[in-house]
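Observations on chain architecture
One letter stands for each residue in the lines below.
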Amino acid sequence: MESRPSSLQLQLPVSLNIDDFIVTDKGRMTELFNLHFIKSGSLFDLTTPPCQSNVPFSPIKSKLKQSLISVSLQLVAQGHFRVLKVPLGFIKALEWFFAIFAFSTCGSYSGMFRMAVECKNRTDSDLSIEVEFEYPFRLHQVYFDAPTCKGGNTERYFLVGDYSSSAEFFVTIGVFAFLYSTAALSIYVFFFEKYKENNKGPLIDLGVTGVFAFMWLVSSAAWAKGLSDVKTATDPEKVITLISACDSEGNRCREVHDPVMSGLNTSVAFGFINLVLWVGNLWFVFKETGIIAPFMRAPPPQEKPAAPDAYGQQGAYEPDPYASNQGGYQPDYNQQGYNQDAEYGQGYVQQGAPTSFSNQM
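Computed from a predicted structure; not experimentally measured. Along each chain, the written sequence defines residue order, and numbers are assigned to residues from 1. In keeping with the predicted nature of the model, local features appear solely for residues at pLDDT of at least 70, side-chain atom pairs appear and are counted solely at 80 or more, and the whole-chain, interface and lining totals rest on all residues. With hydrogens and water excluded, all non-hydrogen atoms of the structure serve as input to the side-chain values.

Spatially, three strands are ordered 4-3-7 in an open sheet, and the strand pairing comes out antiparallel. What marks the edges here is a single partner per strand, and that holds for strand 4 (126–134) and strand 7 (252–257). Along the sheet, successive strands turn relative to each other by an average axial angle of 25°, direction set aside. Relative to strand 4, strand 3 (residues 110–118) runs antiparallel, the two sharing seven bridges. Being paired, for any two strands, means DSSP has found at least two bridges between them. Helix numbering and strand numbering both begin at the N terminus, where a helix is a DSSP run of H or I of at least 4 residues and a strand a DSSP run of E of at least 2. Every axis corresponds to a line fitted to the C-alpha atoms, with the helix fit spanning only the stretch in contact, and the corresponding angles, defined between N-to-C directions, vary from 0 to 180 degrees.

What follows concerns the packing of helix 5 (residues 164–190) against helix 7 (residues 200–233). Remark: helix 5 packs on helix 7, axes separated minimally by 9 Å, with the N-to-C direction vectors making an angle of 155°. The angle between helix 5 and helix 7 falls in the class roughly antiparallel. In the crossing of helix 5 with helix 7, the sense of the turn from one axis to the other is left-handed. Taken together, the residues of helix 7 that come into contact with helix 5 (itself represented by Ser 166, Ala 167, Phe 169, Phe 170, Ile 173, Gly 174, Phe 176, Ala 177, Tyr 180 and Tyr 188) are Asp 205, Val 208, Phe 212, Met 215, Trp 216, Val 218, Ser 219, Ser 220, Ala 222, Trp 223 and Gly 226. Three classes are used: nonpolar for Ala, Val, Leu, Ile, Met, Phe, Trp, Tyr, Cys and Pro, charged for Asp, Glu, Lys and Arg, and polar for all others, with Gly counted as polar. Looking at the contact of helix 5 with helix 7 residue by residue, the classes come out as 15 nonpolar, five polar and one charged. If an angle is under 35 degrees, it is roughly parallel; if it is over 145, roughly antiparallel; if it lies from 65 to 115, roughly perpendicular; otherwise it is oblique. Put simply, a crossing is left-handed when the front helix is turned counterclockwise from the back one by less than a right angle, and right-handed when it is turned clockwise. Two residues form a contact once any of their heavy atoms are found within 4.5 Å.

Now for the pattern of salt bridges. What makes a salt bridge here is a side-chain nitrogen of Lys or Arg within 4 Å of a carboxyl oxygen of Asp or Glu, nothing more. Scanning the model with the defined rule gives ten salt bridges in all. Taking the shortest distance from any N to any O, the salt bridge between Lys 92 and Glu 95 comes out at 3.3 Å. You can see Lys 92 and its partner Glu 95 sitting in helix 4 (residues 87–107), three residues apart, about one turn around the helix. Using a relative accessible area of 0% as the deciding quantity, one classes Lys 92 as buried. Relative accessible area decides the class of each residue, using a 1.4 Å probe on protein chains only: under 20% of the type maximum gives buried, over 50% gives exposed, and in between gives partly exposed. For Glu 95, a relative accessible area of 0% translates into the label buried. Taking the shortest distance from any N to any O, the salt bridge between Arg 252 and Glu 118 comes out at 3.6 Å. Remark: Glu 118 occurs in strand 3 and Arg 252 occurs in strand 7; sequence separation between them is 134 residues. Salt bridges sharing partners connect three or more residues here, namely Glu 118, Arg 122, Arg 252 and Arg 254.

Laid out in C-alpha cells, this is it:
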C-alpha cells in the first residue's frame, strides 16, 4: 500500500534557506519547523542549550562555575593590594612568611648520630651504631642496641628525656600564627573598609597581635631551652656513658658522627624573629584603632601681630641704633653754600627780568 504524504508536508514550501544553505528535503524541513516551534514555545527557558557531545550538560554546575568566576574577579578587582605596601600589611606578610619557616624547620626535623664500640674481642665489636631521632623529641622512646662484649650478646639502651612539650608548643604557635596572618591579610586586601568600620576590627587585631607576641616570647624561650637539652641528650659522648661495655677495661668506645642541629638552630632564630615582628606590629595596629588620634592633634596656628595703622604710633618701630649714637645725618644748612636764600629768592621773584643764565645764553 502506498503511503500518502501528511497534510503538513503538503503545506511545506518548496525549499528553505538556512544560513545560505538550501533545504529541499521535506523530512528535514519538517524537523526544522518542529525545532523552530519548540524554541518559540520556550523562549524563557534558554539555560539548556542543545548538547552536541555525549556528556550530558548540567546547567547547575555551569551556573555555579560562572558565579564562582564572577565572584573571584570582583574580589580581585575590589582588592586593596596597596595595603601590602604600608607597614601594617607589609609586616603582616612578613609574619606569614617567617611563621612558615618557624614551624616547618622544627616540625620536619629528623637527626641521627653514630657511635662505635670496639671490644677486646674484635669479633664482638660494632663500629656503626646508628641512633635516629626526630620531632617531637620523645627521646625516652628512642633506643639502640650495643654489644656487651661478652659472647656476642647485645643490650638495648634508651635515650634520656622527653622534650615534646616545648617543641609541640612552638610548632602549634607557629601554625596558628600562620593561619591568623593569612586571615588578616585577606581582610586587609578584600575587606579593609569593613575592617575599620566601628573600630572593632583594629581593636580585635590589636588584642590578637598582643597575645601572639607574648606567645612567641614564651614558646621561643621554651624551645631554646628544650633544644639545649636535646643537644645534651643526643651528644654521642654523653650517650656512650650509658653503655656498660665501655666501662670494661680493654674495650674502647668513640663517637663517629655528631647529629646535625643547624635546622633546629634556625627554628629558634625564626622564633625570635617572629617575636620582633609581632611586637613591632603592635604599634602599627594600635595606630589603626584611633585611640592615639586625640593626642596627636596639630597645635593651633599662631596669629601674626597686626601691622601699625600710622607711623606715629608709639612703639610701632624700634629706634635706629645709629641714630641714637651718631644723631643721624643732619646737614648744617647754616654752613657756607647753603645760606643762599636771598640769591634764590631774587631769581624766582624777579620773573620779568632776565636771569644771569639767560644773559649768558
